[in-house]
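Spelled out, the chains give:
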Amino acid sequence: MAHPSNFGEGEGRLKAMHDADFPDGVVVDPTPITAYDEITVFYNGLLAKSGTEQVYLHVGFGDPRNWHNVQDLRMSRTGWGFVKTLEMPDESRFNFCFRDNAYNWDNNNGLNWSFEIHNGQRNI
C-alpha cells in the first residue's frame, strides 16, 4: 500500500518540506517507506547552507554498516534546497548521506541517515 505525501503535491510540497525545518535540513517523504514506491529526499543542510553549487545523494541499501548497490545521485537545486526523487527497491533499509562536488560530506556526524523499507503488508 502506497503512503501519500505528508507535505502535499507539486511546488507547494517542496516549500512545505523546507518549512518543516527538520533536524539537519533532511526530509524524506512519504514515510514510512514502502518497497517499489517513489520517495522524495529533500536536503537543505550544512552543504546547501554553505553555498555549494551541487549536492549528490549518496545512497546504499541493506545493513547500515555494510551498504550495497551504492551510488551517487545528482540532486536538483530548487529555491528551497536540493531534491531527488527515486523508487525504492525491495530491500531492508535505505541508507544515505550527502556530498558536494568538492567531496565535502554531510553524513549526520558519521551516523548517516537510515530508514526501514516496508514490504507494504501489514502484520496482524
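What comes next concerns the included structure. This is a predicted model, so every value here is computed, not measured.

**Focus: the pattern of salt bridges**
Part 1 of the argument: Per the stated rule, a full pass over the model turns up three salt bridges.
Part 2 of the argument: Arg13 serves as the salt-bridge partner of Asp29, at 2.8 Å between the closest nitrogen and oxygen. One end of the pair, Asp29, is in strand 1 (residues 26-29); the other, Arg13, is in helix 1 (residues 10-19), with 16 residues separating them in the sequence. As far as burial versus exposure is concerned, Asp29 and Arg13 are alike and both buried.

**Focus: the environment of Asn108**
Part 1 of the argument: Considering the arrangement of structural elements, one finds Asn108 in the loop between strand 9 (105-106) and strand 10 (113-118).
Part 2 of the argument: Assessed through its relative accessible area of 17%, Asn108 is described here as buried.
Part 3 of the argument: Taking the C-alpha atoms as reference points, Asn108 and Ile39, 69 residues apart in sequence, are found 20 Å from one another.
Part 4 of the argument: Of note is the side chain of Asn108, whose polar atom sits 2.9 Å from the backbone oxygen of Asn112.

**What about unusual backbone geometry?**
Part 1 of the argument: Along the chain, Asp29 connects to Pro30 via a cis peptide bond; the corresponding omega equals 0°.
Part 2 of the argument: The topology assignment puts Pro30 in the loop between strand 1 and strand 2 (33-34).
Part 3 of the argument: A cis amide bond links Thr31 to the next residue, Pro32, at an omega of 0°.
Part 4 of the argument: Checked against the element boundaries, Pro32 lands in the loop between strand 1 and strand 2.
Part 5 of the argument: A positive phi angle, near 75°, is found at Tyr36, a position not held by glycine.
Part 6 of the argument: Inspection of the secondary structure puts Tyr36 in the loop between strand 2 and strand 3 (38-43).
Part 7 of the argument: Using a relative accessible area of 53% as the deciding quantity, one classes Tyr36 as exposed.
Part 8 of the argument: Of note in this structure, Asn109 is not a glycine but carries a positive phi near 55°.
Part 9 of the argument: Relative to the helices and strands, Asn109 resides in the loop between strand 9 and strand 10.
Part 10 of the argument: On the basis of relative accessibility, which here comes to 77%, the residue Asn109 falls in the exposed class.

**Considerations on the sheet that holds strand 6 (residues 76-77)**
Part 1 of the argument: If you walk across this open sheet you meet the four strands as 1-3-7-6, and the pairing is antiparallel. Strand pairing shows two members of the sheet lacking a second neighbour, strand 1 and strand 6, which therefore form its edges.
Part 2 of the argument: Relative to strand 7 (residues 82-87), strand 6 runs antiparallel, the two sharing two bridges. Residue pairing for strand 7: Arg77 is matched across the bridge by Phe82.

Rules used throughout
- Residues numbered from 1 in each chain as written.
- Predicted model: local features only at pLDDT ≥ 70, side-chain atom pairs only at ≥ 80, totals over all residues.
- Heavy atoms only, no water.
- Salt bridge = Lys/Arg side-chain N within 4 Å of Asp/Glu carboxyl O.
- Helix = DSSP H or I, 4+ residues; strand = E, 2+ residues; numbered from the N terminus.
- Buried < 20%, exposed > 50% of the residue type's maximum accessible area, 1.4 Å probe, protein only.
- Polar contact = N/O pair within 3.5 Å; in protein donor to acceptor, adjacent residues only side chain to side chain.
- Pairing = 2+ DSSP bridges.

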